[in-house]
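In case you want the letters, here they are:
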Amino acid sequence: MMTKNKSFSTLLVLLALMPVLAFSAPKNDSHMEWWRDARFGMFIHWGLYSVQGGEWKGTDYGKEQGGASAEWLMNSANIPKEEYRNTLAPKFNPTEFDAAKWVSTAKKAGMKYMVITSKHHDGFCLFETEATDYNVMEASPFKRDIIKELSEECAKQGIKFGVYYSQFKDWYHRSRGRGNPGTMSTEAYLDLVEKNLDELLSNYGEMAVLWFDTGGNDVIEADAQGARVRELQPNAVICSRLYSRRVPVGKRKYADFESLPDRMLPKKRMTEDAETCMTMRHNWGYDRNDDAWKSSKDIIEFLALCGARGVNLLLNVGPMPEGTLLPEEIERLKEVGEWMKVNGESIYGTNYSPVDFDFWWGAMTQKDKTIYLHVLEWKLEGIEFNGIVGKPSKAYFLADPKRKALPVTYKANGHVTKVEVPANAPDSRNTVIAVEYDAPIVTDQDAKGKYYWYTNRRVRHTDIRQSENAGRHALPEAVTGD
Ligand code: GLC
């Protein structure tokens, strides 16, 4: 009888909800699950430009120029098309390239996916293609399909593989000025893109991510490309840069996640799927003179802050012309990996912070009934937070294999929880304290906070920095535009 009653009332509720359900049909996004859990991936900028390391005829073009860096050489140094190709393609011979090493480096860093520039704005294809002879197999002495080797190695080592593809901006085509305009017709160019995409989507097994870059305003064109991806690789995760940022979010039909402007950490949590991409120094592509390295602490902090905002981090490397990652990159990735090995639970599969602000000591991520405090600055007075209702059942250092309980106090007035900690930080880069609750986590809707760790648009090209005052500023609103 009870069951009957119950199902009857359930039916009534369902009937009442019908119009709502019909209106907002649930999006089939099961292909996003791995991506949401992954949280951390490797971005690789590699191509003909890497040969020059940011330099052209004695001038260093590798400094940030607007959005540009070493991979923008052709444009920044205003190199004529033939000269660029004829000078650089014969020199592209990365004999030291070993896909197995790159993939295992990414894997050991705790990265769950890899995205490499299959074609950047300079038009050179790192894969075998019939659409143009301007590719690694025909125009360079290397004659090895880099996309093939990496995709196979990723499949073998069990990480997801995807490609960056500059579908709109190609300097052999239209999007170039400064006396060296592209000469390909739009028709011929769109044909090339179509062929390239079909090849990338058909010849390399599972393509997990299609990381389009800098889309134009033509929604019909972008939709056609998106539809083709869905058709050939229904599970591929598609980057919002398939569309121009000027295209309203609701009109980006095939975009699976929002790609935030380069290096940006939003001030507030993102409830939609989002990713931020970040360099380890200023440049994306290899640059000989760029020594603005972020420390491994900077990277670990940024990864935690991305997690607290609900944003994936795609961390870039810019390998050398010989085909190896830089020692500085390898060293940082190793350290990040060591941290992830112990603290990965506080990153993978977590949700953004339960509260929409940070604390002077850092920020939180959350999974089920556990909150992870990412403690980036240490204070022996204890780690205190407001905004969560109720006393936790247990708090401990995630790195402590014994999970020894740390003393916790809770003040109902203001919902302030305090975890007692020793004088010195167990891990000065980021000590994670797991705080467990017996019941599902309840947030105090009126909770307020004034700390925000972050970068905003104005300073994003100076990247993240360690600073005495970091976390002590109320920062300006994050920017949504490009
Ligand atoms: C910008 C730049 C490009 C870089 C990309 C990385 O779009 O044009 O050089 O590949 O950002 O996100």
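Residues numbered from 1 in each chain as written. Predicted model: local features only at pLDDT ≥ 70, side-chain atom pairs only at ≥ 80, totals over all residues.

Undergrad: Can you help me understand the pairing of strand 17 (residues 416–419) in this one?
TA: Within a regular strand, the side chains alternate between the two sheet faces. Burial along strand 17 is one-sided: the face carrying Thr417 and Val419 is buried and the face carrying Val416 and Lys418 is not. Sheet topology note: the strand 13 (residues 383–386)/strand 17 ladder contains four bridges and is antiparallel. Note on strand 17: the bridge partner recorded for Glu384 is Lys418. If you look at the hairpin formed by strand 16 (residues 408–411) and strand 17, you'll find four residues sitting between the two strands, and Gly414 has a positive phi there, around 90°. (Buried ≥ 20, exposed ≤ 12 C-beta atoms within 10 Å, placed from the backbone. Helix = DSSP H or I, 4+ residues; strand = E, 2+ residues; numbered from the N terminus. Pairing = 2+ DSSP bridges.)

Undergrad: So what exactly am I meant to see when it comes to the packing of helix 5 (residues 99–108) against helix 6 (residues 146–157) here?
TA: How two helices sit against one another is set out by the angle between their axes and by the gap between those axes. Interaxial distance between helix 5 and helix 6 falls to 9 Å at its minimum, and their mutual angle equals 45°. It follows from the interaxial angle that helix 5 and helix 6 lie oblique. Seen from above, helix 5 lies across helix 6 with right-handed handedness. Residue-level inspection shows Ala99, Ala100, Trp102, Val103, Ser104 and Lys107 of helix 5 in contact with helix 6, the latter providing Glu149, Leu150, Glu153, Cys154 and Gln157. Its residues assigned to classes, the contact of helix 5 with helix 6 shows six nonpolar, two polar and three charged. (Axes fitted to C-alpha atoms, helices over the stretch in contact; angles between N-to-C directions. Parallel < 35°, antiparallel > 145°, perpendicular 65-115°, else oblique. Left-handed = near helix turned anticlockwise from the far one by under 90°. Contact = placed C-beta atoms within 7 Å. Nonpolar A, V, L, I, M, F, W, Y, C, P; charged D, E, K, R; others polar.)

Undergrad: I tried to follow unusual backbone geometry on my own but got confused; where do I start?
TA: Residues apart from glycine generally show negative phi values, whereas peptide bonds are mostly found in trans. Backbone geometry at Asn78 places phi at a positive 50°, although glycine is not the residue there. Structurally, the position occupied by Asn78 is in the loop between helix 3 (73–76) and helix 4 (81–88). For Asn78, a count of 14 C-beta atoms within 10 Å puts it in the partly exposed group.

Undergrad: Got a minute to help me understand the packing of helix 7 (residues 186–202) against helix 8 (residues 219–232) in this structure?
TA: Where helix 7 contacts helix 8, the axes come no closer than 10 Å and their chain directions differ by 25°. Looking at the two axes, helix 7 sits roughly parallel to helix 8. Handedness of the helix 7/helix 8 crossing: right-handed. On the side of helix 7, the interface is formed by Leu197, Leu201 and Ser202, while helix 8 contributes Gln225, Arg228, Val229 and Leu232.

Undergrad: Looking at this structure, how should I read the sheet that holds strand 18 (residues 431–436)?
TA: Sheets are built from strands paired through backbone hydrogen bonds, the pairs being either parallel or antiparallel. Taken together, four strands build an open sheet; the order of strands is 11-12-18-15 and the sheet is antiparallel. Each of the sheet's edge strands pairs with one partner strand only, and the pair in question is strand 11 (362–367) and strand 15 (394–397). Across this sheet, the average inter-strand angle for adjacent strands is 20°, counted without regard to direction. As paired elements, strand 15 and strand 18 share four bridges and run antiparallel to each other. Bridge pairing links Phe397 to Ile433 in strand 18. The sheet strands contacting helix 9 (residues 296–309) are strand 11 and strand 12 (370–375), and the helix crosses strand 11 at an angle near 55°.

Undergrad: Would you mind showing me how to read the sheet that holds strand 16 here?
TA: Spatially, 13-17-16 is the arrangement adopted by the three strands of the open sheet, whose pairing is antiparallel. Since the sheet does not close on itself, it has two edges, and those belong to strand 13 and strand 16, each with one partner. For this sheet, the mean angle separating the axes of adjacent strands, direction not counted, is 15°. As paired strands, strand 16 and strand 17 are joined by four bridges and run antiparallel to one another. Along strand 17, the bridge assignment pairs Thr409 with Lys418.

Undergrad: Could you clarify how one ought to interpret the nonpolar core in this entry?
TA: Met114, Val115, Leu150, Val163, Leu210, Leu373 and Ile433 are the most contacted members of the largest nonpolar core, which has 123 residues in total. Among the elements that take part in this core, helix 9 stands out by supplying eight residues, more than any other. Of the residues that make up this core, three or more belong to each of domain 1 (8–346) and domain 2 (353–482). Leu373 has contacts with Gly362, Met364, Ile383, Phe385, Val432, Ile433 and Val435, leaving out every residue within four places of it along the chain. (Core = buried A, V, L, I, M, F, W, Y, C linked by C-beta atoms within 7 Å. Domains from an automatic or database assignment.)

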